[in-house]
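# Architecture at a glance
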Amino acid sequence: MTTTSQEELFRFLEDRFACAQACTECARACATRAGLVDPDGTENQELVRRKGIMCAEVCDATCRVLSEENQADEATIRMQVEWCRQVCLESARTFDGHPGAEGTAEACRACARACTDFLATLN
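The present account deals with the structure reproduced in this document. Source: prediction; values computed, not measured.

Under the 1.5 Å per step criterion, the end-to-end length of helix H4 (residues 102-122) is 31 Å for 21 residues, consistent within 8% with the ideal 30 Å. Listed in full, the buried residues belonging to H4 are Thr104, Ala105, Ala107, Cys108, Cys111, Ala112, Ala114, Cys115, Phe118, Leu119, Thr121 and Leu122.

The following block contains the structure:
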């Protein structure tokens, strides 16, 4: 293995770990946010609750895919990470309009950035 390929491997592994960690943090923040919303609340509150649950589930699934050593092929990983990135961005926009959800929106954006960075290592 050459130095360049070792550096590429280390970057790949670091970005993969950073993405998985961001997914875990986002899943936790979204699940917490969803739990704080009154299930019998307004239509906007219901949207925030549903987005929180969906984002938590997608981030959790993405973390599991990234944590499985060579269990998923590159196409599957790419598809899962891209889906996570899109759900996180959409969720962040939803949380932006909900008072008190600023931290959750930022966790979603941090996860989307980590997903983008990881996808770049796959190219």
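We now examine the pattern of salt bridges. Pairing is possible between side chains of opposite charge, provided their charged atoms come close. Counted by the stated rule, this structure contains nine salt bridges. The closest approach of N and O atoms between glutamate 46 and arginine 50, which form a salt bridge, is 3.6 Å. One end of the pair, glutamate 46, and the other, arginine 50, are both in helix H2 (residues 43-67), four residues apart, so they sit about a helical turn from each other. Note on arginine 50: relative accessible area 47%, which makes it partly exposed. Across the pair arginine 109 and aspartate 96 runs a salt bridge, and its minimum N-O distance is 2.4 Å. In this pair, arginine 109 is assigned in helix H4 and aspartate 96 in helix H3 (residues 74-96), connecting sequence segments 13 residues apart. Residue classification places arginine 109 among the partly exposed positions, given a relative accessible area of 27%. By relative accessible area, which is 47% here, aspartate 96 ends up partly exposed.

Under the defined criterion, the tally for this structure stands at zero disulfides. Of the cysteine sulfurs around cysteine 19, a residue in no disulfide, the closest is that of cysteine 115, at 3.6 Å. Between cysteine 26, a free cysteine, and cysteine 108, which holds the nearest cysteine sulfur, the sulfur-to-sulfur gap is 3.6 Å.

Attention now moves to the nonpolar core. Counting 34 residues, the largest nonpolar core has Cys59, Cys88 and Cys111 as the members making the most contacts within it. Put simply, the parts of the chain that give this core at least two residues each are helix H1 (3-36), H2, H3 and H4. It is H4 that provides the largest number of residues to this core, a total of nine residues. Discounting chain neighbours no more than four positions away, the residues touching cysteine 111 are Ala22, Cys23, Cys26, Cys59, Cys84 and Cys88.

Structurally, threonine 104 can be placed in helix H4. Threonine 104 gets classed as buried once you look at its relative accessible area, which sits at 6%. Non-local contacts of threonine 104, meaning those with residues more than four positions away in its chain, are made with Ala29, Cys30, Arg33 and Phe95.

Next up on the list: the packing of H3 against H4. Where H3 contacts H4, the axes come no closer than 8 Å and their chain directions differ by 155 degrees. With respect to their mutual orientation, H3 and H4 come out roughly antiparallel. Seen from above, H3 lies across H4 with left-handed handedness. Across the contact of H3 with H4, the residue classes tally to 15 nonpolar, three polar and seven charged.

This paragraph deals with the environment of alanine 110. Here alanine 110 shows up in helix H4. Put simply, alanine 110 and cysteine 59 are 51 residues apart on the chain and 12 Å apart in space, counted from C-alpha to C-alpha.

What counts and what doesn't
Residues numbered from 1 in each chain as written. Predicted model: local features only at pLDDT ≥ 70, side-chain atom pairs only at ≥ 80, totals over all residues. Heavy atoms only, no water. Helix = DSSP H or I, 4+ residues; strand = E, 2+ residues; numbered from the N terminus. Expected span 1.5 Å × (residues − 1). Buried < 20%, exposed > 50% of the residue type's maximum accessible area, 1.4 Å probe, protein only. Salt bridge = Lys/Arg side-chain N within 4 Å of Asp/Glu carboxyl O. Disulfide = S-S within 2.5 Å. Core = buried A, V, L, I, M, F, W, Y, C linked by side-chain atoms within 4.5 Å. Contact = heavy atoms within 4.5 Å. Axes fitted to C-alpha atoms, helices over the stretch in contact; angles between N-to-C directions. Parallel < 35°, antiparallel > 145°, perpendicular 65-115°, else oblique. Left-handed = near helix turned anticlockwise from the far one by under 90°. Nonpolar A, V, L, I, M, F, W, Y, C, P; charged D, E, K, R; others polar.

Function cannot be inferred from these measures alone, as they are strictly geometric.
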